[in-house]
Structures are given as structure tokens and as C-alpha cells.
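Structural overview
Next come the chains, spelled out residue by residue.
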Amino acid sequence: ITQQALWGRSLDYAASGSTVARNIHYRSVIQEGFAKEGSRAFFTIPKWITRVFMNAPVQGTLPWFYNEVLPLAEDNILAMASKAYCGAMKSASSSGERLKTEGGTQAK
């Protein structure tokens, strides 16, 4: 993953010569990357995720991810969604009852 970032920065480095391409000096490429962006020049979570998914063999990694990784948090996510939905429904029903009582009729 960091090799892809290094390769991209190396190509930019080679093309940044004044009139012609210059030889790639990897130490300079790495130093300039760290000076500009720190470790984020070569590794961030979003970079890692996108590169893994773009390079992942579809028949191996993706089924494993959907069948093994996503279900790990499924119960918690469903519970949070249920609480949010129930809270929204209670809020909507109570505001509906307030509207009925404000209109002069009592809610049943």
C-alpha cells in the first residue's frame, strides 16, 4: 500500500524537472513526502481501505468481508437503528397528540 503512494510520488518527482524528467531519488521522495504531510503522505485509513478494496480479489476478499467482518457489528448497529426509529416514532406520535389537544379536542 505504501509502495503505491511512493510510486505515485516518485512519478511526480521525476516529472518535476525544469525541462526534462529527472532521475528518481527515493530518499528525497520520502523526505519530501514526510516534510509536506508527515506519515499521512504514505498511509491513512481511507487510503488503505480504498487500495485494499480496489486490489482485492472479488471472489476471495469481498465474500469474506461481507460474511465475516460486517456481521461483527450488525447486532449493535441494528439495536442503535431500532432505538433511533422508536424514538422518532414516539416523538412523532406525541407531537400528533399535542396537535389534537391544541385544536380543542382531546386525544384518545
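Since the model is a prediction, treat every value here as computed from it, not as a measurement.

1. Focus on the overall build of the chain
Helix and strand counts for the chain stand at 4 helices and 0 strands. Going from N to C terminus, the chain has its helices and strands arranged as α-α-α-α. Burial analysis of the chain (108 residues in total) assigns 10% to the buried set. Expressed as a percentage of contacts within the chain between residues at least 6 apart in sequence, the contacts between residues at least 24 apart total 33%.

2. A word on the confidence of the model for the chain
Per-residue pLDDT for the chain averages 79, and the proportion of residues at 70 or more is 81%. Between the elements of the chain, mean pLDDT differs from a low of 77, seen in helix H3 (residues 45–55), to a high of 89, seen in helix H2 (residues 26–37).

3. Some remarks on the side chain of Ser 10
Considering the arrangement of structural elements, one finds Ser 10 in helix H1 (residues 2–15). Judged by its relative accessible area of 0%, Ser 10 falls in the buried class. Ignoring anything within four residues of it in the chain, the contact list for Ser 10 reads Ile 24, Tyr 26 and Val 29.

4. Quick word on the packing of H1 against H2
It is at 10 Å that the axes of H1 and H2 come closest, and there the two elements cross at 105°. Classed by the angle they form, the pair H1 and H2 counts as roughly perpendicular. Seen from H1, the contacting residues are Leu 6, Trp 7, Arg 9, Ser 10 and Tyr 13; seen from H2, they are Tyr 26, Ser 28, Val 29, Ile 30, Glu 32, Gly 33 and Glu 37. Broken down by class, the residue content of the contact of H1 with H2 amounts to 6 nonpolar, 3 polar and 3 charged.

5. Overview of the packing of aromatic side chains
Describing an aromatic ring pair means giving the distance of the ring centres and the angle of the ring planes. Under the defined criterion, the tally for this structure stands at 2 aromatic pairs. Ring centres of Phe 65 and Tyr 66 lie 5.6 Å apart, and the angle between their planes is 85°; this geometry places the pair in the edge-to-face category. The ring of Phe 42 carries the charged tip of Arg 9 above its face, separated from the ring centre by 5.5 Å.

6. Quick word on H1
In a regular helix each residue adds 1.5 Å, so 14 residues correspond to 20 Å; H1 covers 20 Å between its end C-alpha atoms and thus fits that length. The complete set of buried residues in H1 reads Ala 5, Ser 10, Tyr 13 and Ala 14. The arc enclosing the buried residues of H1, seen along the axis, measures out at 165°, which places them on a common side. Exposed side chains of H1 directed beyond 90 degrees from the buried face belong to Asp 12 and Ala 15.

7. A short note on the pattern of salt bridges
Within the structure shown, the criterion is met by 1 salt bridge. Across the salt bridge formed by Glu 37 and Arg 9, the nearest N and O atoms sit 2.7 Å from each other. With a gap of 28 residues between them, Glu 37 in helix H2 and Arg 9 in helix H1 connect regions that are remote in the sequence. Relative accessible area serves as the criterion here: at 38%, Glu 37 is assigned to the partly exposed category.

Calculation rules
Residues numbered from 1 in each chain as written. Predicted model: local features only at pLDDT ≥ 70, side-chain atom pairs only at ≥ 80, totals over all residues. Heavy atoms only, no water. Helix = DSSP H or I, 4+ residues; strand = E, 2+ residues; numbered from the N terminus. Buried < 20%, exposed > 50% of the residue type's maximum accessible area, 1.4 Å probe, protein only. Contact = heavy atoms within 4.5 Å. pLDDT = per-residue confidence, 0-100. Axes fitted to C-alpha atoms, helices over the stretch in contact; angles between N-to-C directions. Parallel < 35°, antiparallel > 145°, perpendicular 65-115°, else oblique. Nonpolar A, V, L, I, M, F, W, Y, C, P; charged D, E, K, R; others polar. Phe/Tyr/Trp six-rings, centres within 6.5 Å; stacked < 30°, edge-to-face > 60°. Lys NZ or Arg CZ within 6 Å of the ring centre and 35° of its normal. Expected span 1.5 Å × (residues − 1). Arc of directions from axis to C-beta. Salt bridge = Lys/Arg side-chain N within 4 Å of Asp/Glu carboxyl O.

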